[in-house]
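# Close look at the chain arrangement
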Amino acid sequence: MDIQGVVTEGFEPVRDAFVRNFEVLGDRGAAVAVYRDGRKVVDLWGGTRDADGTAPWTEDTAQVVRSATKGVAAAVPLLLHQRGLLDLDAPVGAYWPEFKAGGKEKVLVRDLLAHRAGVPALDRGLTAAEAADGVTGPRAVAAQRPFWEPGTGHGYHAQTYSWLLSELVLRVTGRTLGCVLAEEIAEPLGVDFWIGLPDGEAEAGRVGRVAPVEPPESAGVLRTRPRRNVSEAYADPASLTRRAFAAIDPLPDENAPAYRAAELPASNGIGTARALARFYAATIGVVEDGARIFTPATTGLAAREHSAGPDRVLVVNTRFGAGYMLHGPASPLLSPASFGHPGRGGSLAFADPEAGIGFGYVTNALAKSVTADPRAQALVRALKSVL
């Protein structure tokens, strides 16, 4: 495998793990980047830009990162809070009155960010067109009766998170979340990450095609079966697990231009590993050219546990901060101080304020993993070994 990029002395084990991902764990095209104390120390890529193609992955290849989008999207409401425009302890209905319907009048903004709002699914799944139109999704989730008393437990809002965050930001700012992200975070920080891919060949021509893959036999013991109750939850059409992931039904074609142009902050962010690593580095400190996103107080909000224990959707124990998944058995990150978000199928990005790390991994070979992909975990273990 011809791996391109650079590794600072001392971080060679990350490169070794990246190579092994292709040789043993079935990666087709991927990239990994790491920032340490605001400075880039790993920036690698290899394989093909399309999971089912032959053209090489290049330095600026970007990919759909699925739910790793959520961590980037969550920076928008936290930035608004940091600027005094959004109160995390205010009811969502104070900004979005229609959301109070069906017994949701006490849902706080903090609950929404921490997957405690009680609306991870819809009574009727939306079509891909409805999900992307910017109107139907927010209306549906506002009208939806909660599946449990909001604030009393948590469950992963796999798809509805898109419309919850989008509409909240729109009501507060008058702009879409993707627009605020581009103007207030991505552009000043100089990162290639979009929620809503802009028109034009310059951006579209950089984005590779994703495709599902089966782990190879060489993955060996990593091809473990999930617990029976988890398998049953995903198999049962009536379960909250299946219904949460089927809030868009049927699932959209992630390679379609219309899907990439939509703004779905739960699932369709597009970017590079380098962008994700730099973004997370800027949430915990100053990066190379002096840019920073969060104050220390906002970083503390992101990393502070808001939800923990049995997840009513994922059927495992999960932990969430204000918009971010936290380190735990279901989603191991670098340490208990880490916060970030995995993407179903492989991608992973996070920050670790204690170690000064910003990490990003993206892949076009989408496995069946939900929160702990073996390829991403191999890279995290390699990184941990050199710190």
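None of these values were measured; they are calculated from a predicted model.

### Some details on the environment of Gly-38
Tracing the backbone shows Gly-38 in the loop between β2 (29–36) and β3 (39–47). As a C-alpha pair, Gly-38 and Gly-345 span 307 residues in sequence and 28 Å in three-dimensional space. Filtering out sequence-adjacent residues up to four positions away, Gly-38 remains in contact with Val-286, Val-287 and Glu-288.

### Some points on the pairing of β2
With seven of its eight residues buried, β2 lies for the most part within the structure. When β2 meets β3, the two strands line up antiparallel, connected through eight bridges. Residue Tyr-35 lies in a different strand from β3, and its bridge partner there is Lys-40. Between β2 and β3, which pair antiparallel in sequence order, lie two residues; one of them, Asp-37, sits at a positive phi of approximately 50°. The pairing of β2 with strand β13 (residues 357–363) spans seven bridges and is antiparallel. Within the sheet, the bridge partner assigned to Val-34 lies in β13 and is Phe-359.

### Side note on the nonpolar core
Among soluble globular proteins, nonpolar side chains are generally buried collectively. The biggest cluster of nonpolar side chains holds 74 residues, and the ones touching the most others in it are Trp-163, Phe-279 and Tyr-324. Counting 26 residues, the second-largest nonpolar core is a separate cluster that includes Ile-3, Val-34, Leu-334 and Ala-376.

### What to know about the side chain of Glu-167
For Glu-167, the location among the structural elements is in helix α6 (residues 161–173). Looking at Glu-167, the relative accessible area reads 8%, which means it is buried. With residues near it in sequence (within four places) discarded, Glu-167 still touches Trp-96, Gly-134 and Pro-138.

### Some words on the environment of Gly-358
Note on placement: Gly-358 falls in strand β13. Overall, Gly-358 belongs to the buried group, its relative accessible area being 0%. Along the chain, Gly-358 and Trp-163 lie 195 residues apart, while their C-alpha atoms are 27 Å from each other. Apart from the residues within four sequence positions on either side, Gly-358 is in contact with Ala-33, Val-34, Tyr-35, Ala-277, Tyr-280, Ala-281 and Phe-350.

### Describing helix α2 (residues 68–82)
In this model, α2 (15 residues) spans 22 Å end to end at C-alpha, consistent with the 21 Å of a helix rising 1.5 Å per residue. Taking burial as the measure, the 15 residues of α2 include 13 buried ones, the bulk of the element. Positive phi appears at Gly-84, one or two residues downstream of α2, with a value of about 80°.

### With respect to the sheet that holds strand β5 (residues 193–194)
Pairing is antiparallel in the open sheet, where three strands are placed in the order β4-β7-β5. Edge positions in the sheet fall to β4 (63–64) and β5, since each of these pairs with one other strand and no more. Looking at chain direction, β5 and strand β7 (residues 270–271) are connected through two bridges and run antiparallel. When the bridges of β7 are listed, Phe-193 appears paired with Gly-271.

### Details of unusual backbone geometry
Note that the residue after Asp-249, namely Pro-250, is joined by a cis bond; omega there is 0°. Following the sequence through the fold, Pro-250 ends up in the loop between α10 (240–245) and α11 (257–261). Unusually for a residue other than glycine, Asp-37 sits at a positive phi of about 50°. Residue placement: Asp-37 occurs in the loop between β2 and β3. Asp-37 gets classed as exposed once you look at its relative accessible area, which sits at 60%. At Arg-66, a residue that is not glycine, the phi angle is positive and equals roughly 50°. Position of Arg-66 relative to the elements: it lies in the loop between β4 and α2.

The rules we used
- Residues numbered from 1 in each chain as written.
- Predicted model: local features only at pLDDT ≥ 70, side-chain atom pairs only at ≥ 80, totals over all residues.
- Heavy atoms only, no water.
- Helix = DSSP H or I, 4+ residues; strand = E, 2+ residues; numbered from the N terminus.
- Contact = heavy atoms within 4.5 Å.
- Buried < 20%, exposed > 50% of the residue type's maximum accessible area, 1.4 Å probe, protein only.
- Pairing = 2+ DSSP bridges.
- Core = buried A, V, L, I, M, F, W, Y, C linked by side-chain atoms within 4.5 Å.
- Expected span 1.5 Å × (residues − 1).

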